[in-house]
Amino acid sequence: MTGWANYLVFIVATGGFYALLALSLNLIWGGAGMVNLGLAGFFALGAYASALLTVNAGAPILAGIAGALVVGAIGGYVVTMSTTRLRGDYLAIVTLGFAETIRLVANNEIWLTRGSDGISGIPGPLKAELGGWFNAAYALGTLAIVALVWFALRRIDLSPYGRALRAVREDEQVAQVAGKRILRFKIEAFAISAAIAALAGALYGHFNSYVAPDIFQPLITIYIFLAVAAGGVGRVSGAVAGAYLVIFFLESTRFAAAAIPGLAPVQHAAIREMLIGLALIVVLRWRPQGILPERIPPAPRPQSQEAT
Amino acid sequence: MRDRSIRLTRRTALAAGAASLAMPAVVRAQGEPIRLATLTPLTGGGGSYGPVMAKAAATVVEEVNKAGGVLGRRVQLTSEDDQTNPEAGVRAARKLIDVDKVSAIMGTWASSVTTAVAPLCWESKTMLCTVSGADSITLLPHQGYLIRTQPNSTLQITRLGEYVLSLGAKRVFQMIPQTPFTQSSIKLMEAALKKGGGEQGSLIYDDKKPTYRTEVDQALRFNPDLIFAAGYTPDTVVLLKDIYRAGFKGKIIGMAYSINQKLIDQIGQAEVVEGVYTFAPSPAEGATAYERVKKITGMDNPDPYTCQVYDHANLVLMAIAAAKDASGTAIRDSVRKVSQGGGKTVDNAVDGIKAITAGEKVDYVGASGPCDFDDKGDIIDCKFRYEQIKSGKLALLKIA
């Protein structure tokens, strides 16, 4: 596969990684109301876990991905356990710090992560056998995984568990009074969310065959926040739609900016950044609830007086 | 929703209108154009280098097109932004390879971006010319589809060590952020100094800190006669100010890619940078290509990356002419035929292509150096340019 088709399947696959990250963020931010600015950190954890297991330890790719899930979940557990008293902005700052810590560890612990050189030559599944069709097959596989995670999260969303999570989001004290063990809910949600982000990282690494600390700059976290905000916070389908919208927007601005004649390349690059900023403002101004807003079934009222 | 769709239509209409304005240029082309690309950091950490680099390559292509193109075909250059980020860089490279179908990508800057983009290039038989310095890059299994004009750290630091000794410095303190060449830079400087009876202290700092007071204190405790500031422009600005405030009286040396006119202007106090030495890979004295880069960029001191990407564009275009084929594989196979091995010395692609068409063998001597490559894609040797800041201006000391 070459030409446009290859480029498009590449974008579909990359969009899939974004979608998984958006699903992860949607669960923890939209579901449990905890702001996780450390998404890039969990993404990095998964990417490095799988890369190290397959390249250094020679494990099969599936074992690498499973390892990434475990490492991600443990990372999520550790972060929530060490921040049990923090909420809102304070939690956001700590998670941001966590992501930077992971990036700095990856940058400086050269014996383990090969430092800023990064790890290259990460194997891709059936890469030699598939040849030119690798990107297409990987994109399909990624889509299947996104669909699976989407389905699982939707089930959680509709279950009593999901309702309890939302109760924690709306008011922790009320949820506690109602007998919910909020700490356990938060830890579980955070661990699942972190594991999904780590899964995205593992898939990213095996697709691009290279991971390095530079990849996990806060830029990617910002893109995912944009995706979830545009798609609709608290809605599983919204996260997926938002992620694809963002990647589509990132790529199409390339062509739109280049279509303006008489500008230097640096001006095209600046226009792209401005368009992305503008898109965020437009969404927040005219569609703050996102394209697919969260649907909350109306609570039964104590008096059954229908409003006219 | 309706409101949004109208917006989109307007924007599409604008893009379509703009595209039709650009049409005549495409129609004028003789046959299928030869497609090349630059992938430089236009935004992000490398954003201060990439724009001029893209411009230098574009000027070379423009000159060649004015002189009739290559193989009777027009050359079309696409410039993308790698955002100094490997993830964004890979997306841009995928677009260049698949949609624009370029046969060469030139000017990747950050080592991490180059390492991320390189597999895409060799898998699709696209030539990659880079300015990244990490030793590991040319060790990738690139099958020849990669050359770099930046001397690797071994060559650079060994020569710098010799120079530092010649300045009479015996106790050198190296201050360097974490980069792909940090470890080798420290090790090689240590080895070079030891040979001349010198000694090194070193410190790896975080390049995003707003102040380096404690780092400078630590450096001064070593009691150095010379500080080697090996960072990039933004962090070196802060570092040099803090070194000055600490009252350091010894010598300071740094890389010309970070200590440049931009840095002097940003610091704004001539006494802070007075006497600072700079060091850069360079062409031999009197090489004409460097003068040409000065002219086309309008800079008194074009940075080494701009010189290198100028060389990339010239080399790729001449390699296409020599191979009579514009594919990436043809460029790979013939780039060394125009870069080295004797023949008529040329400093630009227009003259080179003319000579090649006339059946002559050419040997390109570029703006960044002689541009001779070994089998791994590393440059074999190059001269270095030593400058010193004197009353707010860079003054040339020697080229050797």
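You'll find the structure just up there.
The rules behind each value
Residues numbered from 1 in each chain as written. Chains lettered and ligands numbered in written order. Predicted model: local features only at pLDDT ≥ 70, side-chain atom pairs only at ≥ 80, totals over all residues. Helix = DSSP H or I, 4+ residues; strand = E, 2+ residues; numbered from the N terminus. Rg over C-alpha atoms; globule rule 2.2 N^0.38 Å. Buried ≥ 20, exposed ≤ 12 C-beta atoms within 10 Å, placed from the backbone. Axes fitted to C-alpha atoms, helices over the stretch in contact; angles between N-to-C directions. Parallel < 35°, antiparallel > 145°, perpendicular 65-115°, else oblique. Left-handed = near helix turned anticlockwise from the far one by under 90°. Contact = placed C-beta atoms within 7 Å. Nonpolar A, V, L, I, M, F, W, Y, C, P; charged D, E, K, R; others polar. Pairing = 2+ DSSP bridges. Core = buried A, V, L, I, M, F, W, Y, C linked by C-beta atoms within 7 Å. Domains from an automatic or database assignment. Expected span 1.5 Å × (residues − 1).

K.L.:
Residues and numbers for the overall build of chain B, please.
P.N.:
A count of helices and strands for chain B gives 14 helices and 14 strands. In terms of overall size, chain B behaves like a compact globule, its C-alpha atoms giving a radius of gyration of 22 Å where 400 residues would be expected to give roughly 21 Å. Across its three principal directions, the C-alpha atoms of chain B cover 65 × 65 × 40 Å. For chain B, the proportion of its 400 residues judged to be buried stands at 53%.

K.L.:
Account for the packing of helix H1 (residues 3-31) of chain A against helix H7 (residues 134-158) of chain A, naming residues and giving values.
P.N.:
Residue and element names in this part refer to chain A. Axis separation between H1 and H7 bottoms out at 8 Å; the angle between their running directions is 20°. It follows from the interaxial angle that H1 and H7 lie roughly parallel. As for how H1 packs across H7, the hand of that crossing is left-handed. Touching Asn6, Val9, Phe10, Val12, Ala13, Gly16, Ala19, Leu20, Leu23 and Leu27 of H1 are Asn135, Ala136, Tyr138, Ala139, Thr142, Leu143, Val146, Val149, Trp150 and Leu153, all from H7. Looking at side-chain class alone, the contact of H1 with H7 contains 16 nonpolar, 4 polar and no charged residues.

K.L.:
Tell me about the sheet that holds strand E13 (residues 383-390) of chain B, residues and numbers included.
P.N.:
All names here are of chain B. The strand order across the open sheet built from 7 strands is E7-E6-E8-E9-E10-E13-E14, with neighbouring strands paired in mixed fashion. Edge positions in the open sheet fall to strand E7 (199-205) and strand E14 (393-399), since each of these has one partner strand only. Neighbour-to-neighbour, the strand axes of the sheet open up by a mean angle of 25°, direction not taken into account. Here strand E10 (residues 277-282) runs beside E13; their pairing, made up of 6 bridges, is antiparallel. In the strand pairing of E13, alanine 280 is matched with arginine 385. Contacts from helix H6 (residues 182-195) reach strand E6 (171-177), E7 and strand E8 (226-229), with the element oriented near 170° to E6. On top of the sheet, helix H7 (residues 213-221) reaches E6, E7 and E8; it is set at about 170° to E7, its chief contact.

K.L.:
Outline the nonpolar core, listing residues and values.
P.N.:
Judged by nonpolar contacts, the single largest core of 218 residues is most densely connected at Ala22 and Ala227 of chain A together with Val316 and Met318 of chain B. When we break this core down by domain, the ones giving at least three residues each are domain 1 (31-151 + 288-364) and domain 2 (153-282 + 383-399) of chain B. With residues near it in sequence (within four places) discarded, alanine 22 of chain A still touches Ile224, Ala227, Val228, Gly231, Ala239, Val240, Gly242 and Ala243 of chain A.

K.L.:
Tell me about helix H2 (residues 39-56) of chain A, residues and numbers included.
P.N.:
Residues and elements named next belong to chain A. Between the first and last C-alpha of H2 there are 25 Å, a value that for 18 residues agrees with the 26 Å anticipated at 1.5 Å per step. The element H2 is largely enclosed, with a buried count of 16 among its 18 residues. In the stretch just after H2, glycine 58 is the one whose phi turns positive, near 70°.

K.L.:
Could you give an account of the interface of chain A and chain B, naming the residues involved and the relevant values?
P.N.:
On the chain B side, the residues contacting the 35 residues of chain A number 33 residues. Where the side of chain A that touches chain B is concerned, the elements lending two or more residues are H1, helix H4 (88-108), helix H11 (218-231), helix H12 (236-258) and helix H13 (265-286) of chain A. If one sorts the elements of the side of chain A that touches chain B by residue count, H1 of chain A sits on top with 6 residues. Split into classes, the residues belonging to the side of chain A that touches chain B amount to 17 nonpolar, 13 polar and 5 charged.

K.L.:
Tell me about the packing of helix H2 (residues 50-66) of chain B against helix H14 (residues 349-357) of chain B, and name the residues and values.
P.N.:
All names here are of chain B. Interaxial distance between H2 and H14 falls to 9 Å at its minimum, and their mutual angle equals 45°. If you check the angle between H2 and H14, you find them oblique. Across the interface between the two elements, Val60, Glu63 and Val64 of H2 pack against Ala349, Val350 and Ile353 of H14. Partitioned by chemical class, the residues of the contact of H2 with H14 number 5 nonpolar, no polar and 1 charged.

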